[in-house]
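Topology and contacts: notes
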Amino acid sequence: MKPYLLAESNWKTLENHRFELAVLPWGATEAHNYHMPYGTDVYEADAVAAESGKKAWEKGANVTIMPTIPFGVNTGQSDIYLDINLNPSTQLMILKDIITVLDRQGTKKLLIVNSHGGNDFKTMLRELGLKFPEMMLFTCNWFQALDKTKYFEELGDHADEMETSIIMHLHPELVLPLEEAGDGSEKKSAIKGIQEKWAWAERKWSEVSADTGIGNPKKSSPEKGKKYFEDVTDKVAQLMLDICEAKTGELYK
């Protein structure tokens, strides 16, 4: 039993134990180019949260990692077969129910470890922060925690060299040979403001990518994935430690 994983914990242990921080990994179920599994974001969320939780626990963090939520916002992929969508309003309801339990039972800190670019929890946590004023609510995108140019040659944001390398490290049996992968070419918006990134509109996935990937995965390797995974979980673990040590009224210096 890993004491920092809620799914492996038991009532014998938790009847008289209260955690300082609950961590909620959140993924998505969607196509990842031709060579990667639909569960890529879930496998990543599972592994990043669990390994970060282990590292934080070993340094004294009183943290529990909850089971990963496997569905995310996929509104731009409605015509991609079996890309499962949860609307943001549904995510808000799920979060409210989970936070209600934590708040009632005395675990006053929550960190969402997000593994999917389509998920955006900031506005939800603003609203829920008003409803639950005693809670400290945090979210992070682990895939933005490090400078990817220090690890990978080809940049992208979906089934790219980074994601492929991580899954090659974590679950090599689930990755097809790289010659099976598409090149992850992306068509850019015709709107200048969106090209310049000060305006935004949701991407229609089937119109911007022929293979559902964005970013060339051809230079991926398990060695690159292992190095990145170790470093990113070090950083997420430190975030967990910092949140555990944070005190109400002393968050700002």
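Going by what an unreviewed UniProt entry lists, the chain is known as Creatinine amidohydrolase and is assigned to Algoriphagus antarcticus. Entered under Sequence similarities (unreviewed entry) in the UniProt record, the comment concerning the chain runs "Belongs to the creatininase superfamily."

Here we look at the overall build of the chain
Secondary structure assignment for the chain yields eight helices and four strands. Along the chain direction, N to C, the helices and strands of the chain fall in the order α-β-α-β-α-β-α-β-α-α-α-α. Expected size for 253 residues packed as a compact globule is a radius of gyration near 18 Å; at 19 Å, the chain falls within 12% of this value. By principal-axis analysis of the C-alpha atoms, the chain measures approximately 55 × 40 × 35 Å. Within the chain, the proportion of its 253 residues that are buried is 48%. Residue pairs at least 24 apart in sequence account for 79% of intrachain contacts in the chain once pairs closer than 6 positions are excluded.

Some thoughts on helix α4 (residues 122-131)
Along α4, the residues classified as buried are Met124, Leu125 and Leu128. Each buried residue of α4 sits inside an arc of 90° when the element is viewed along its axis, so together they form one side. Exposed and oriented more than 90 degrees from the buried face of α4 are Lys122, Thr123, Arg126 and Leu130.

Quick word on the environment of Glu186
Along the chain, Glu186 falls in the loop between α5 (161-170) and α6 (192-195). Residue Glu186 is classed as partly exposed on the basis of its relative accessible area, which comes to 27%. Taking the C-alpha atoms as reference, Glu186 lies 25 Å from Ala45; in sequence the two are 141 residues apart. Excluding anything up to four places from it in sequence, Glu186 contacts Arg203, Val208 and Ile214. Separated by 3.0 Å, the side chains of Glu186 and Lys188 make a polar contact. Here Arg203 takes part through its side chain, which lies 3.3 Å from a polar atom of the side chain of Glu186.

A look at the pairing of strand β3 (residues 109-114)
Most of β3 sits inside the fold, with six of its six residues counted as buried. Inspection of the sheet shows strand β1 (residues 21-26) paired to β3 by five bridges, in the parallel sense. Opposite Leu24, over in β3, you have Ile112 as the bridge partner. Here β3 runs beside strand β4 (residues 136-141); their pairing, made up of six bridges, is parallel. Looking across to β4, one finds that Lys109 is bridged to Met136. For the segment spanning β3, α4 and β4, crossover handedness is right-handed.

Description of a nonpolar patch on the surface
A contiguous nonpolar patch, built from Tyr38, Phe71, Tyr81, Leu82 and Ile84 and spanning about 490 Å² of accessible area, is present on the exposed surface. By secondary structure assignment, the location of Leu82 is in the loop between β2 (63-65) and α3 (88-105). Judged by relative accessible area, which is 47%, Leu82 ranks as partly exposed.

With respect to the packing of aromatic side chains
Think of a pair of aromatic rings as described by two things: how far the centres are apart, and how the planes are tilted against each other in angle. All told, the structure shown has seven aromatic pairs when counted by the stated rule. A ring pair is formed by Tyr151 and Phe152, whose centres lie 6.2 Å apart and whose planes are at 40°; its orientation type is tilted. As far as the burial class goes, Tyr151 and Phe152 line up, both buried. Judged by centre distance (5.1 Å) and plane angle (90°), the rings of Tyr151 and Tyr228 are edge-to-face. Residue Tyr151 is found in the loop between β4 and α5, and its partner Tyr228 is found in helix α8 (residues 222-245); the two are separated by 77 residues along the sequence. Look at Tyr151 and you get buried, because its relative accessible area is 18%. Ring pairing ties together the aromatic residues Trp142, Phe143, Tyr151, Phe152 and Tyr228, which thus form one cluster.

Digging into unusual backbone geometry
Here the phi dihedral of Leu82 falls at roughly 65°; this positive angle occurs in a residue that is not glycine. Although it is not a glycine, Thr212 adopts a positive phi angle of roughly 75°. Following the sequence through the fold, Thr212 ends up in the loop between α7 (205-208) and α8.

The rules we used
- Residues numbered from 1 in each chain as written.
- Predicted model: local features only at pLDDT ≥ 70, side-chain atom pairs only at ≥ 80, totals over all residues.
- Heavy atoms only, no water.
- UniProt positions renumbered as here; feature names shortened; annotations may be inferred.
- Helix = DSSP H or I, 4+ residues; strand = E, 2+ residues; numbered from the N terminus.
- Rg over C-alpha atoms; globule rule 2.2 N^0.38 Å.
- Buried < 20%, exposed > 50% of the residue type's maximum accessible area, 1.4 Å probe, protein only.
- Contact = heavy atoms within 4.5 Å.
- Arc of directions from axis to C-beta.
- Polar contact = N/O pair within 3.5 Å; in protein donor to acceptor, adjacent residues only side chain to side chain.
- Pairing = 2+ DSSP bridges.
- Right-handed = clockwise from strand over helix to strand, strands pointing away.
- Patch = residues over 30% accessible without salt bridge, like charges linked within 9 Å, V, L, I, M, F, W, Y side chains within 5 Å.
- Areas by Shrake-Rupley, 256 points an atom, 1.4 Å probe, with all protein chains shown as cover.
- Salt bridge = Lys/Arg side-chain N within 4 Å of Asp/Glu carboxyl O.
- Phe/Tyr/Trp six-rings, centres within 6.5 Å; stacked < 30°, edge-to-face > 60°.

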